[in-house]
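Overview (structure and organization)
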Amino acid sequence: MGLLRHPRPSSGKEPAVTAVHPAPLRAPRGVPPALFAGVVAAGLAVSAWGARDRTTWFLETVWALVGLPLVVLAWRRFPLTGLLCGLLTAHALVLAVGGHYTYAQVPVGDWVRDTLGLDRNPYDRFGHLMQGFVPAVLVRELLARTSPLRGSRWLAPLTVCACLAFSACFELLEWLAAEIGGHGADAFLATQGDVWDTQWDMCCALIGAVLSVVLLSRVHDRQLGALGARRSQGQSDRP
């Protein structure tokens, strides 16, 4: 026989029920964007000081020279994720080092060549690997935030295709520089006698783009979500 529960007599004064709304989650803040900008500006300044060839330095670092002001000017309306800022900063420093020494003569590349018994300085290969690895996050962020592709299965392959297309355009620019500058453009080309240098450069960019999409997509998605939360709360950082 079960127990019978009698309802409690009502006193006529029921306590008011107050709805409790959870406080909105605040996205964590990362490294201040001004710090990234300062590191890039300082790196470019040091790189320009005593560069082996001024023309080569300009051609190698022009992407950072143009990109940094664009990011700063557009930041208030279009701030970037911390992941992308960090990668762009690293890429700018890679360009600055290559521009200072020329890619074929970067000391750390010579050390790797001698240590591993390679037939050429591999810093140029590393630079083109970064040419795919970093722009992949940039392209992915732009497409995810300005197109219907966020969450689409097409986002990854289109990102890789865009990076490979950019690499091909860069090789066309190198060809144009060779036609205009002749042997004076050898330092910029950094072929080091390899007749397949163009194909290797595009292959390295392709590998870098694929690795970036595979390794960083989940982290990038989380940061995109956090950035959206900050913007919805009116907490976007300023450079």
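Presented here is a report on the structure given in the accompanying data block. From a predicted model like this one, the values you see are computed outputs, not experimental measurements. (Residues numbered from 1 in each chain as written. Predicted model: local features only at pLDDT ≥ 70, side-chain atom pairs only at ≥ 80, totals over all residues. Heavy atoms only, no water.)

Focus: the packing of aromatic side chains
For any pair of aromatic rings, the description consists of the separation of the ring centres together with the inter-plane angle of the planes. In this structure the tally under the stated criterion is four aromatic pairs. Where Y103 meets Y123, the ring centres are 5.4 Å apart and the plane angle is 40°; that geometry is what we call tilted. Placement of the pair is Y103 in the loop between α3 (82–101) and α4 (107–116) and Y123 in helix α5 (residues 123–146), with a sequence separation of 20 residues. For the pair Y103 and Y123, a shared accessibility class is recorded, and that class is buried. Joined through ring pairs, the aromatic side chains of W63, F166 and F170 make up one cluster. (Phe/Tyr/Trp six-rings, centres within 6.5 Å; stacked < 30°, edge-to-face > 60°. Helix = DSSP H or I, 4+ residues; strand = E, 2+ residues; numbered from the N terminus. Buried < 20%, exposed > 50% of the residue type's maximum accessible area, 1.4 Å probe, protein only.)

Considerations on the packing of α3 against α5
Between α3 and α5, the least distance of the axes is 10 Å, while the angle of their chain directions is 155°. What the angle tells us is that α3 and α5 run roughly antiparallel. Considering the relative orientation of α3 and α5, their crossing is left-handed. Packed against α3, whose contacting residues are L83, L84, L87, L88, A90, H91, V94, V97 and G98, the element α5 presents Y123, F126, G127, M130, Q131, F133, V134, P135, V137, L138 and E141 at the interface. Here the contact of α3 with α5 is composed, by residue class, of 15 nonpolar, four polar and one charged. (Axes fitted to C-alpha atoms, helices over the stretch in contact; angles between N-to-C directions. Parallel < 35°, antiparallel > 145°, perpendicular 65-115°, else oblique. Left-handed = near helix turned anticlockwise from the far one by under 90°. Contact = heavy atoms within 4.5 Å. Nonpolar A, V, L, I, M, F, W, Y, C, P; charged D, E, K, R; others polar.)

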